[in-house]
Amino acid sequence: MDILWWHWLVAGLALIVAELAVPGMVLVWFGVGAIGTGLLLAAAPALSLTAQLAAWTVLSCALVVLWFRVFRTDQHKTHVGMAAGETIGEIGLLVSAVEPFGRGQVRFQKPLLGSEVWACIADEALPAGERVKVLSVEGSLLKVGRNNKGEAA
C-alpha cells in the first residue's frame, strides 16, 4: 500500500485535533510535521516510505525542540527563591498574628512575586495589624520582623 500526500494531511489534522484531548502542546507539532511531510510528498511524489517517515520524524522532533527550547523557555523555570533580593526590606501589614514557631500572613500594597498575601514566620510574637519588614525568604515563607524605623508601606 502506498501512502499518498493526502494521507499525511489527514493524519496531521487528526493529531492536531487529538491535542484538544491531550493538552501539552506536543501532539500539535507531530501533526504539523505530518502536514509538512504531506506537502513535501505532494512536491516530490517519488519519496519512499522510509524517506517519508524520516522526514516526519525529523520535522516533528525539530518543531517540538524549537517550541520548548526557544519559544517556551519560561515554562520550565521556577521562581521560588530567585527574587529574594527584591523582596528583602519590603514593608507589609500582618493580616494574622505570628507566634514564634508559628505561621501568619502578611499583605503588601504591591504584589511580590505575583501575590499580595504571603505566609510568614517570625522570631518573636507579632500582633495582627503590625507593620513588618521582610528579613529573608525561607523556601516559600517570608521571615519578617518589626519595622522599627517607622517606614511607610
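Relevant structure appears above.
Calculation criteria
- Residues numbered from 1 in each chain as written.
- Predicted model: local features only at pLDDT ≥ 70, side-chain atom pairs only at ≥ 80, totals over all residues.
- Heavy atoms only, no water.
- Phe/Tyr/Trp six-rings, centres within 6.5 Å; stacked < 30°, edge-to-face > 60°.
- Helix = DSSP H or I, 4+ residues; strand = E, 2+ residues; numbered from the N terminus.
- Core = buried A, V, L, I, M, F, W, Y, C linked by side-chain atoms within 4.5 Å.
- Buried < 20%, exposed > 50% of the residue type's maximum accessible area, 1.4 Å probe, protein only.
- Contact = heavy atoms within 4.5 Å.
- Axes fitted to C-alpha atoms, helices over the stretch in contact; angles between N-to-C directions.
- Parallel < 35°, antiparallel > 145°, perpendicular 65-115°, else oblique.
- Left-handed = near helix turned anticlockwise from the far one by under 90°.

### A short note on the packing of aromatic side chains
- What the rule picks out here adds up to three aromatic pairs.
- Their ring planes at 40° and their centres at 5.4 Å tell us that tryptophan 29 and tryptophan 67 sit as a pair that is tilted. Note that tryptophan 29 is positioned in helix 2 (residues 27–43) and tryptophan 67 in helix 3 (residues 49–71), a separation of 38 residues in sequence.

### Details of the nonpolar core
- Among the nonpolar cores identified, the biggest contains 13 residues, and Leu94, Val106, Phe108, Cys120, Leu142 and Val144 are the most heavily contacted of them.
- Of all elements in the fold, only strand 2 (104–112), strand 3 (115–121), strand 4 (131–138) and strand 5 (141–146) reach the threshold of two or more residues within this core.
- The dominant element in this core, judged by the number of residues it contributes, is strand 2, at three residues.
- For valine 106, the residues in contact, after removing those within four places along its chain, are Gly92, Leu93, Leu94, Val95, Glu116, Val117, Trp118, Cys120, Val132 and Leu142.
- Grouped together as the second largest cluster of nonpolar side chains are five residues, Val28, Trp29, Leu63 and Val64 included.

### Topic: the packing of helix 1 (residues 5–18) against helix 2
- Interhelical geometry of helix 1 versus helix 2 gives an angle of 165° and a closest axis separation of 7 Å. Relative to helix 2, the element helix 1 is oriented roughly antiparallel. Regarding helix 1 and helix 2, the two cross each other, and that crossing is left-handed. Contacts between helix 1 and helix 2 pair Trp5, Trp8, Leu9, Ala11, Gly12, Leu13, Leu15, Ile16 and Ala18 from the former with Leu27, Val28, Phe30, Gly31, Val32, Ala34, Ile35, Thr37, Gly38, Leu41 and Ala42 from the latter.

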